[in-house]
Structures are given as C-alpha cells and as structure tokens.
Amino acid sequence: MNNLSNSDLIAQILDAMHAAGCAPHNPGDVVIDGKIHYYRVDGDKAGTKKGWFIFYDDGIPAGAFASFKLHGTDDHVTWVARIDREMTDAERERNRKNLEAAKEQRRIAAAEARKIARNRAADLWGKSAETVSANHRYLVKKQIPAIGIRQLGPALVIPILDGNGALHSLQFIAEDGGKTFLTGGAIAGNACPVGEFAEPETILICEGYATGVSLHCASGLPVVVAFNAGNLKSVAAGLRLRYPHAALVVCGDDDRWT
C-alpha cells in the first residue's frame, strides 16, 4: 500500500507529463483507473486528442503516457509514483506486470487506430483533387510548386507512405500554414517522397514538406519528408536498407533561434 492521496498522485503525474512536453489541456482529464484514455494536449487545437495515458493504483501507482506528435504511435513515457520507502520485490513485480499490461492495451489500441487511419486516409485521398491550386496561399508564401500532393477543399493533402508506397496516413496543411495529421495514423518510419528515386546516388532527408520541395527544386535530388525530427532516424534506417549504396544526407532544420 502507499500513503499518497489521489491528489498527490495526480500532481506527480502532471509534473511528469509537463516535463515530457505533453501536459493535458485540462488537468482534470487525468484519472487513475487502469484504462487507456485519450486527451487534448496543452497547446493543441480544441477537439483534438493527440495524447493518451493509462495509470494504475495497484500497490505502488504506475503507468504510461505519450503524445502522438512527440512520441509517434509506438513510443511512450513510463511513470512510477515517488514514495518514501523502497518498493518490495512483490510490488516491483506487480508494477512490472501492470506496465506490461499497459503496453499490451496500448499496442492493441494503436493497431486499431492505425487500421482506422489507413482506411480514412485512402477514402480522403481518393476524394481529394489531383490538381492543386497554384494560388494556394501556403504554396505562394513558401514559393514552391505542388509535387506529389492533392487538395481537399482549402487544405493541401500530403501522403504518408511506407517504403513500398502503401498509404498509411495524411497530413493536411491549411492556407495559413496550420498542419494536422489523421489521428492514430502511423508516422514512425513512414514519409513523403519528393522526386525520382530510380537508383539514386544521393537522397536528402528533411522534416517538412515545404523544406523537402525547396531542397528538391534547388538540387534536383530526390527528397524524403519525415515530418518531424523524431522520425528522421527511422526513415533513414529504412532508406539504408532499400538503397544500400545511396548517400543519405539529413538536412536538419535550424531551430537555434526558434
């Protein structure tokens, strides 16, 4: 047993979530009931639920949480309550089993979310216009052409593909530059190719679509858009297997001043 009140545990959890960069917009969303919950991450748009958590109060409280934006669909942060004594072997074993159960619940939920996102992506991609307006404000601002994308209403639609070209999810870019992804879609290891990939000698890898198109137009080289810094390594590893003789160049964003 532990002597911590529920409010003390919630405070510890919120501190951990804040430190990981995925605090809930509404702290009251956090509950400890051994079930997976999805929540709006602080700073995200209203109506979105890009965070998830599961916490147990079984012996020494513990659990896991993550944000799709920061951790993708497979990674997460674990949490164990701070107590004023050493855990017993039995408590450590109970926590281990609880965390394993949490991982399995999350794996099942993530697999279902990825399946739903794949079907949704195929439907929306099929409904999107193949001809993209050259006057789209985002394209005009970035001074880039539309390459390999479509348009749905006012939004640019960016495909997120695996190495075999299968569609897994979509990114939407509004005219004001706002970016959203299909909830639950697999991003880790997947990307958007820009240019021709027939026996490439050099492949550039970057984070954003506008950066990718700019790089391609300036160099003529094929580019792979990984969508976020955390996905660069996974994308590069997949490209190395697929193109063992190509030089891979990561074109990182210069975020020193932002």
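Refer to the structure above for everything that follows.
Residues numbered from 1 in each chain as written. Predicted model: local features only at pLDDT ≥ 70, side-chain atom pairs only at ≥ 80, totals over all residues. Heavy atoms only, no water.

**Q** Where do I start with the overall build of the protein chain in this structure?
**A** Counting its secondary structure elements, the protein chain contains 6 helices and 12 strands. With respect to the principal axes defined by its C-alpha atoms, the protein chain has extents near 65 × 40 × 40 Å. Counting over 258 residues, the protein chain shows a buried share of 43%. Summarising the internal contacts of the protein chain: among those between residues at least 6 apart in sequence, 49% fall at separations of at least 24. Charged side chains in the protein chain number 29 positive and 30 negative. The centres of these two groups are separated by 4 Å. (Helix = DSSP H or I, 4+ residues; strand = E, 2+ residues; numbered from the N terminus. Buried < 20%, exposed > 50% of the residue type's maximum accessible area, 1.4 Å probe, protein only. Contact = heavy atoms within 4.5 Å. Lys, Arg positive; Asp, Glu negative; His and termini not counted. Charge placed at Lys NZ, Arg CZ, Asp CG, Glu CD.)

**Q** When you look at the pattern of salt bridges in this model, what are you seeing that I'm missing?
**A** Counted according to the given criterion, the structure contains 6 salt bridges. Two residues, R107 and E104, come together in a salt bridge whose shortest N-O distance is 2.7 Å. Of this pair, R107 and E104 both sit in helix 3 (residues 89-127), 3 residues apart, which is roughly one turn of that helix. For D123, the salt bridge goes to K127, with nearest N and O atoms at 3.2 Å. (Salt bridge = Lys/Arg side-chain N within 4 Å of Asp/Glu carboxyl O.)

**Q** Any chance you could explain the environment of A101 here in plain terms?
**A** Take A101: it is sitting in helix 3. By relative accessible area, A101 is classed as partly exposed at 32%. It is 9.3 Å that separates the C-alpha atoms of A101 and G34, two residues lying 67 residues apart in sequence.

**Q** Honestly, the nonpolar core in this entry has me stumped. Any pointers?
**A** Across soluble globular proteins, nonpolar side chains show a tendency to be buried alongside one another. Grouped together as the largest cluster of nonpolar side chains are 21 residues, with contacts concentrated most on L156, I158, Y209 and F227. Those residues within four positions of F227 in sequence are excluded, and the remaining contacts are I158, P159, I160, Q171, F181, I187, A191, C192, C206 and E207. Formed by 14 residues, the second largest nonpolar core is a distinct cluster that contains L9, I10, W79 and A81. (Core = buried A, V, L, I, M, F, W, Y, C linked by side-chain atoms within 4.5 Å.)

**Q** For this particular structure, what's the right way to read the packing of aromatic side chains?
**A** Each aromatic ring pair is summarised here by two numbers: the centre-to-centre distance and the angle between the ring planes. In the structure shown here, the tally under the stated rule is 6 aromatic pairs. Here F55 and F65 contribute two aromatic rings whose centre-to-centre distance is 6.3 Å and whose plane-to-plane angle is 45°, an arrangement assigned as tilted. In this pair, F55 sits in strand 2 (residues 51-56) while F65 sits in strand 3 (residues 62-67), placing the two residues 10 residues apart along the sequence. Considered together, F55 and F65 belong to a single accessibility category, that of buried residues. A centroid spacing of 6.2 Å and a plane angle of 35° characterise the contact between F197 and Y243, whose relative ring orientation is tilted. (Phe/Tyr/Trp six-rings, centres within 6.5 Å; stacked < 30°, edge-to-face > 60°.)

**Q** What is the right way to look at the pairing of strand 2 in this model?
**A** Counted residue by residue, strand 2 has 6 buried out of 6 residues, so it is predominantly covered. Residue alternation in strand 2 divides its side chains into two sets, G51, F53 and F55 and W52, I54 and Y56, and both sets are buried. As paired strands, strand 1 (residues 37-39) and strand 2 are joined by 3 bridges and run antiparallel to one another. Bridging across to strand 2, Y39 finds its partner in G51. The pairing of strand 2 with strand 3 spans 6 bridges and is classified as antiparallel. Each residue of the ladder has a partner; that of W52, found in strand 3, is A66. Linking strand 2 back to strand 3 in an antiparallel pair, the connection comprises 5 residues, with G59 at a positive phi of about 80°. (Pairing = 2+ DSSP bridges.)

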